[in-house]
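What follows is each chain in one-letter form.
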Amino acid sequence: MPDARAVEAAAGAGSLRHGEPASPARQAFAEAIPPGVTGAQWHQLQAELRGRPDGAAELRRLADYFAWSDGLHRLREARRAGAEADALRPLALAVDAGLPMRLRRGEVSAAEARQIKSATLELTLADPSERAIALQRWLAAEAVSARPDPRQAEFDQRQAVIVAAWAAKPARDRGALERELESLRGQVFGAPPPASR
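So, here's what we can say about the structure. (Residues numbered from 1 in each chain as written. Predicted model: local features only at pLDDT ≥ 70, side-chain atom pairs only at ≥ 80, totals over all residues. Heavy atoms only, no water.)

## Things to note about helix H3 (residues 39-49)
This is how the line gets drawn: Whether a residue is buried, partly exposed or exposed follows from its accessible area with a 1.4 Å probe, protein chains only, as a fraction of its type maximum: under 20%, in between, or over 50%, in that order. Only DSSP runs of H or I with at least four residues qualify as helices, and only runs of E with at least two residues qualify as strands; both kinds are numbered from the N terminus onward. This arc is taken over the directions from the axis of the helix to the C-beta atoms.
Of the residues making up H3, those classed as buried are Trp42, Gln46 and Leu49. Along the axis of H3, the buried residues cluster in a sector spanning 75 degrees; they form a single face. Counted as exposed and oriented over 90 degrees from the buried face of H3: Ala40 and Glu48.

Right, dumping it as structure tokens:
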């Protein structure tokens, strides 16, 4: 599977027009199937967008979104499987870097963006107070807090109790804390929305 940079580079070649011979760059783009879609689905999208003036740009946007969504899906699956935060940090940073664009384009809701940001901060900042400050700064910068999710207050209260209980233990297992917080997130917000697969 190509990575997002390969898709983006190949996408710069533009889409193929019916009957037009494929240059090597255009052929590479036609064959660069982003993660999360089948070859048939990707070729169908190419065919549908081929005649549109913005077709090449829309294919690049879709490829970028599919690559980001696949990263989010892999991050969620790895967390569920109990992977260590250190191992997940690079993937969390990549998901986090793409989040503002996904939010601006309306590809994720404000509530989901907040949930994703909170999860990536848990993997990138060890101190809970630093995470809370970083989340509030991000919310202010992205104006996500304009329509807060009514479930967030319940989550925040229950999260504070869990973190306080964990901090009071003589032997602290960060993995157990993360699993408990992820379980709480599922209880309060429901199952995380599936990534586009």
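## Observations concerning the packing of helix H4 (residues 55-80) against helix H5 (residues 85-104)
The condition is simple: Geometry is summarised by axes, namely lines fitted to C-alpha atoms with helices restricted to the contacting stretch, and by angles between N-to-C directions that run from 0 to 180 degrees. Any angle between 65 and 115 degrees counts as roughly perpendicular, while under 35 counts as roughly parallel, over 145 as roughly antiparallel, and the rest as oblique. For any pair of crossing helices, the crossing counts as left-handed if the nearer helix is rotated counterclockwise from the farther one by less than a right angle, and right-handed if it is rotated clockwise. A contact between two residues is defined here by any heavy atoms of the two lying within 4.5 Å. Each residue gets one of three labels, nonpolar for Ala, Val, Leu, Ile, Met, Phe, Trp, Tyr, Cys and Pro, charged for Asp, Glu, Lys and Arg, and polar for the others, Gly among them.
Where H4 meets H5, the closest approach of the two axes is 9 Å, and the angle between their N-to-C directions is 140 degrees. The angle between H4 and H5 places the two elements in the oblique class. Between H4 and H5 lies a crossing of left-handed hand. Each of Asp64, Tyr65, Trp68, Gly71, Leu72, Arg74, Leu75, Ala78 and Arg79 in H4 lies in contact with H5, whose residues at this interface are Leu88, Leu91, Ala92, Ala94, Val95, Gly98, Leu99 and Arg102. Residues of the contact of H4 with H5, tallied by class, amount to eleven nonpolar, two polar and four charged.

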